[in-house]
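Architecture at a glance
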Amino acid sequence: MPADHPSPAVVQAEGIPYFTPANNAGAAAEINENTPTLFRPLTIRNVTLKNRIIVAPMCMYSAESDPSAPTVGALTDYHIAHLGHLALKGAGLIFIEATAVQPNGRISPNDSGLWQFDLGEDSPQFKGLKRVVDFVHSQGAKIGIQLAHAGRKASVVAPWLAAQHGVRSLRADEQVGGWPSNVVGPTGGEEQIWAPGTAYWAPRELSTAEVKEVVQAFAKSAELAVKAGVDVIEIHAAHGYLINQFLSPVTNKRTDEYGGSFENRIRIVREIATAVRAVIPEGMPLFLRVSATEWLEEQPVAAAAGGSWDVESTIRLAKQLPELGIDFLDVSSGGNHKDQKIEPHTSYQVDIAGRIRRELRAAGIKTLLIGAVGLITQAEAAQKIVQGADDETAIEASAAEATLADNKADGSGPQADAVLIARQFMREPTWVLSAAKKLGVKITPPVQFTRAY
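These numbers come from a predicted model, not from an experiment.

In this section: the nonpolar core. Ranked by internal contacts, the top residues of the largest apolar core, which has 116 residues, are F39, L129, I233, I235, L288, L329 and I356. At 10 residues, helix α4 (residues 208-228) tops the list of elements feeding residues into this core. Apart from residues no more than four positions distant in its own chain, F39 is found in contact with G26, A28, I31, K50, N51, I53, V432, A435, A436, L439, V441 and I443. The next biggest cluster of nonpolar side chains, apart from the first, holds 14 residues, and it includes A158, W179, V183 and Y241.

This brings us to the layout of surface pockets. Taken as a whole, the largest pocket spans an internal volume of roughly 1,800 Å³. Elements with a minimum of two residues in the lining of the largest pocket: α3 (159-164), β12 (418-421) and α13 (423-427). Broken down by element, the residue count for the lining of the largest pocket peaks at 4 residues, all from α13. When grouped by side-chain class, the residues that make up the lining of the largest pocket number 29 nonpolar, 15 polar and 6 charged. As for the second largest pocket, its lining consists of T346, S347, V350, L375, I376, T377, Q378, A381, K384, I385 and Q415.

In this section: the packing of aromatic side chains. For any two aromatic rings, the description comes down to two numbers: the centre-to-centre distance and the angle of the planes. Counted under the stated rule, the structure contains 8 aromatic pairs. Both rings, one in F262 and one in W309, keep their centres 5.7 Å apart while their planes meet at 5 degrees; by these two values the pair is stacked. One end of the pair, F262, is in helix α6 (residues 262-265); the other, W309, is in the loop between α8 (300-305) and α9 (311-318), with 47 residues separating them in the sequence. Across this residue pair, the class does not change: F262 and W309 are buried.

Here the focus is the packing of α4 against helix α7 (residues 267-279). Between α4 and α7, the shortest axis-to-axis distance is 8 Å and the interhelical angle comes to 30 degrees. Between α4 and α7, the crossing angle belongs to the class labelled roughly parallel. Every pair of crossing elements has a handedness; the one defined by α4 and α7 is right-handed. Here V211, K212, V215, Q216, F218, A219, A222 and E223 of α4 lie close against α7, whose contacting residues are I268, E271, I272, A275, V276 and V279. Looking at the contact of α4 with α7 residue by residue, the classes come out as 10 nonpolar, 1 polar and 3 charged.

What counts and how
- Residues numbered from 1 in each chain as written.
- Predicted model: local features only at pLDDT ≥ 70, side-chain atom pairs only at ≥ 80, totals over all residues.
- Heavy atoms only, no water.
- Core = buried A, V, L, I, M, F, W, Y, C linked by side-chain atoms within 4.5 Å.
- Buried < 20%, exposed > 50% of the residue type's maximum accessible area, 1.4 Å probe, protein only.
- Helix = DSSP H or I, 4+ residues; strand = E, 2+ residues; numbered from the N terminus.
- Contact = heavy atoms within 4.5 Å.
- 1 Å grid on protein atoms, 1.4 Å probe; cavity = no way out; pocket = protein on both sides within 12 Å on 5 of 7 lines; lining within 4 Å.
- Points joined across faces, edges and corners; volume = space filled by probe spheres on them.
- Nonpolar A, V, L, I, M, F, W, Y, C, P; charged D, E, K, R; others polar.
- Phe/Tyr/Trp six-rings, centres within 6.5 Å; stacked < 30°, edge-to-face > 60°.
- Axes fitted to C-alpha atoms, helices over the stretch in contact; angles between N-to-C directions.
- Parallel < 35°, antiparallel > 145°, perpendicular 65-115°, else oblique.
- Left-handed = near helix turned anticlockwise from the far one by under 90°.

What follows is the structure, encoded as structure tokens:
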């Protein structure tokens, strides 16, 4: 190279013990009035996402699983490959799969966990998490972790093993690392099996003291996640797992402070959110994933229970979330009872998210952001969700700037502030790059891939 053209410096990614150039794939090269909202940054507390595309948590059933080994529950090289390539290809925020806060909170023996509190940063679980976090950061993405407890849906084998036997679920007993005698729920007994007649275990009822231990386990797991460098914490209260079971009168028959009235049934959410918020940095976003409805509204089981968890219940809960320090409501649905009646279509959950968002804005609640998830596969659809059908819809850059301007009564405004996508990333890992091309957005490609762009 001629002397008047010195060699450019190579920018090394931070936090990685080997060479890889610093990447920031998926960020719009320029932000102007024509930039689609999908590729505009979103600031939540002190964290700015480079776009509004979030990889939803996806259970991979590929964590360390030997119950006698200290590595049980730890993330592996598989997770670096799986989550890392999504970071390399432009997602703004990537969630690590549902991670159990207690050993019996895993769905299967192969699930991720973060319960080795006494070992702290020396634990294999912590080290596995930190390796994933560091690699995702090196590629310019933010990373979150979904903290969870499976409750009565725990101790089953990976779904592909069940499929080999021609069933949707298959119990995991002690021989394969399961814990049949320690499957728990807000209410116990044979009638509380997730789907009677199928291969799930009957749960035992948690004592009041054990519920409080669960609350503290969420907080302790959050502390470890913060030390590992995660950017976002999500509390999993959806899909029929433990917190969702507490919320519903169908699955919560308790007579103590955690059962009965609406306020008692949501107490566990309030306590977990408060406990987690207390141990994470003030600038760290806190998400909550909910099943906005059980889809049981007209089912006999709901009538027998005096009701079910529905959209109105979720709106009522959502109005309390800002005071608990929740910044983002991740709106999913279903999974809490076999009698659910769902008719999935391209906007079945997006429509619910939009309704919740409009109700919150109409009530003057401006800072709780809404995420839409489910059957979002096309770039144009994702863009419409976050910007609205009307091109003149107000574009929000941060939670702090949220106004009522986009709260259109006819529903043509934004239905969510970000989209969460899961299975489409399995089919199309380059979805972000493809979406940018379809929407006419010039974005930053991965450094190593520039010859292809």
